[in-house]
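# Observations on the three-dimensional arrangement
Listed below, chain by chain, are the residues.
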Amino acid sequence: MEPVSLDRACILVLNYNGRDLLRECLPSVVEAARRSPVPCGVVVVDNDSADDSLAWLAANHPEIRVVRRPNRGLASFNDALAETDEPVALLLNNDVKLAPDSIAPLLRPLAEHADALFSAPLCWTFDGSTYEGMRTRVRTRFGLVQGMSRVPGHEAAIHDADLTAAAGPVLAVHRARFLALGGYDPIYFPGRIEDLDLGFRAWMAGLRGYYIPESVAYHKGFATFAPELGEARCDGLAIRNTLIFAWKNLSGRRLASHLAWLPVRLARGGKAFRRAFVEAASRWREVARARRALQAGAVGWVDRQEAFFRRFEW
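So, here's what we can say about the structure. Per chain, the residues get numbers from 1 upward, laid out in the order the sequence is written. Residue-level local features of this predicted model are given only where pLDDT is at least 70; pairs of side-chain atoms are given and counted only at 80 or more, and the full residue set underlies all totals for whole chains, interfaces and linings. Processing note: side-chain calculations cover all non-hydrogen atoms of the structure and skip hydrogens and water entirely.

Tallying secondary structure elements over the protein chain gives 12 helices and 12 strands in all. To get the radius of gyration, use the C-alpha atoms; to get the globule rule, take the number of residues to the power 0.38 and multiply by 2.2 Å. The C-alpha atoms of the protein chain give 19 Å as radius of gyration, which agrees with the globular expectation for 314 residues (20 Å, within 12%). On the principal axes, the C-alpha backbone points of the protein chain span a range of 55 × 40 × 40 Å. Within the span of the protein chain, comprising 314 residues, buried residues form 54% of the whole. A total of about 13,500 Å² of accessible surface is found on the protein chain, and carbon and sulfur atoms cover 53% of it. Separation of charge centres in the protein chain, based on 40 positive and 36 negative side chains, amounts to 8 Å. Runs of E in the DSSP output that reach at least two residues are strands. Runs of H or I that reach at least four are helices, and both are numbered from the N terminus. Buried means the residue's accessible area, taken with a 1.4 Å probe over protein chains only, is under 20% of the maximum for its type, while exposed means over 50%, and partly exposed covers the values in between. Note on areas: Shrake-Rupley with a 1.4 Å probe; residue coverage comes only from the protein chains shown. In this tally, Lys and Arg are treated as positive and Asp and Glu as negative; His is ignored, and so are the chain termini. Note on charges: their place is set at NZ of Lys, CZ of Arg, CG of Asp or CD of Glu.

This is the structure in structure tokens:
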């Protein structure tokens, strides 16, 4: 693998019924693109919005190209990237603001590291008071793997560059490697856990994610998901997709532990967990196909899996 040549980039902003979020966040994205060290266009990838997002964009940002796609959640980025030719793309949710000079630091690791799949900024809540991520670690709790940024002691390390297990609402990707890896897996639609799945698959393929705190972003968090789905449904999707992640990706003692804990989870997890389990199980054939495709012919899967957990587990 060779580092990417950085002569141009683009920013893709994923939008679904987010006119108000675009109005609040897009000016910062446009300004960051203007201050990029290489030419950097801004594209809104619209997931078939039913509000007036497109009319607002046409009236207020006619210079921004809009790509319309059926709503596939984050997997809509896959199709959009396949139709661009910039070597690097920043992938943003519509509830993300960028600091003015945030792009250059994110480009650097993709140019310097031959194993880089993505880079991610230091992310704060909108008011800048609370650390949001993206220095992500993982923990295994009663058989389920969770990605977390606000782990014990994180305050002492958020300004230290490092590897990261995942990055959700904002990251820069090496376009060709992202597409070769398969991008975001639509099996998790409408959303949750896709970022951890991407980071895990990247690691297993010998690729890495870099946390670059020199770059700064701001994230509102669930600003699209919560109004559309409600808090309970968001939580249910997180459980469902965490189960899918385990069934698709884990092997050896990690999978055995997960399966051993399932009866306890089902007995004590309440209706929400049982409902999520039924939803995940209803996708078993799809999950099994994804697992076979991912692990077919793989050599040293368990060893690489354990290396991932040694590096990122807390």
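Bringing a nonpolar patch on the surface into the picture now. Residues enter patches when their relative accessible area tops 30% and they take part in no salt bridge; the joining distance is 9 Å for like charges and 5 Å for the nonpolar side chains Val, Leu, Ile, Met, Phe, Trp and Tyr. The working definition used for a salt bridge is a side-chain nitrogen of Lys or Arg within 4 Å of a carboxyl oxygen of Asp or Glu. Judged by side-chain polarity, Phe142, Trp261 and Val264 come together as a nonpolar surface patch covering roughly 250 Å² of accessible area. In this fold, Trp261 is placed in helix α9 (residues 252-268). A residue is classified by how much of its surface remains accessible, and Trp261, at 33% relative accessible area, is partly exposed.

If you want to describe how two helices pack, look at the angle between their axes and the distance between the axes. Only the stretch in contact is used when fitting a helix axis, every axis being a line fitted to C-alpha atoms; angles between N-to-C directions are given from 0 to 180 degrees. Direction vectors running N to C along helix α8 (residues 231-249) and helix α10 (residues 270-281) enclose 50 degrees, while the axes themselves pass 8 Å from each other. Considered as vectors, α8 and α10 are oriented oblique to each other. In this structure, the crossing between α8 and α10 has a hand that is right-handed. In contact with Arg233, Gly236, Ile239, Arg240, Leu243, Ile244 and Trp247 of α8, α10 contributes Phe273, Ala276, Phe277, Glu279, Ala280 and Ala281. We call Asp, Glu, Lys and Arg charged. Ala, Val, Leu, Ile, Met, Phe, Trp, Tyr, Cys and Pro are nonpolar, and the rest, Gly among them, are polar. Here the contact of α8 with α10 is built from residues that sort into 9 nonpolar, 1 polar and 3 charged. Should an angle lie under 35 degrees it is considered roughly parallel, over 145 roughly antiparallel, and from 65 to 115 roughly perpendicular; all remaining angles are considered oblique. In this scheme, a crossing is called left-handed if the near helix is turned counterclockwise away from the far one by less than a right angle; it is called right-handed if the turn is clockwise. Any two residues having at least one pair of non-hydrogen atoms within 4.5 Å are treated as being in contact.

So, about the pattern of salt bridges. Side-chain pairing between opposite charges can occur once the charged atoms of the two side chains come close. Applying the stated criterion across every chain, the model contains 26 salt bridges. Arg19 serves as the salt-bridge partner of Asp52, at 2.9 Å between the closest nitrogen and oxygen. In this pair, Asp52 sits in the loop between β2 (40-46) and α2 (53-60) while Arg19 sits in helix α1 (residues 19-34), placing the two residues 33 residues apart along the sequence. Using a relative accessible area of 23% as the deciding quantity, one classes Arg19 as partly exposed. It is possible to trace a salt-bridge network through shared partners that takes in Arg19, Asp20, Arg23 and Asp52.

With that out of the way, let us pick up the side chain of Thr84. Assignment of secondary structure puts Thr84 in the loop between α3 (76-82) and β4 (88-93). Since its relative accessible area comes to 8%, Thr84 is described here as buried. Apart from residues no more than four positions distant in its own chain, Thr84 is found in contact with Arg65 and Arg175.

So, on to the pairing of β4. Counting buried positions over the 6 residues of β4 gives 5, a clear majority of the element. Relative to β4, strand β1 (residues 9-15) is paired through 6 bridges, and the arrangement is parallel. Within the sheet, the bridge partner assigned to Leu14 lies in β4 and is Asn93. Strands are treated as partners if at least two bridges between them are detected by DSSP.

The next point concerns the pairing of β1. The buried fraction of β1 amounts to 7 of the 7 residues, a majority that puts the element mostly inside the structure. By the alternation rule, side chains of β1 split into Ala9, Ile11, Val13 and Asn15 and Cys10, Leu12 and Leu14, which are all buried. Of the pairings in the sheet, the one linking β1 to β2 comprises 7 bridges and is parallel in character. Within β2, the position partnered with Ile11 by the bridge is Val42. A clockwise path from the first strand over the helix to the second, with the strands pointing away from the viewer, defines a right-handed crossover. With α1 bridging β1 and the parallel β2, this β-α-β connection has right-handed handedness.

Further remarks concern the packing of helix α6 (residues 194-204) against α8. It is the contact of α6 with α8, at a shortest axis distance of 10 Å, that shows an interaxial angle of 20 degrees. When the axis of α6 is compared with that of α8, the two are roughly parallel. The handedness of the crossing between α6 and α8 is right-handed. Seen from α6, the contacting residues are Leu196, Asp197, Phe200 and Arg201; seen from α8, they are Phe245, Lys248 and Asn249. A class-by-class count of the residues in the contact of α6 with α8 yields 3 nonpolar, 1 polar and 3 charged.

These results come straight from atomic positions and should not be treated as a statement about function.
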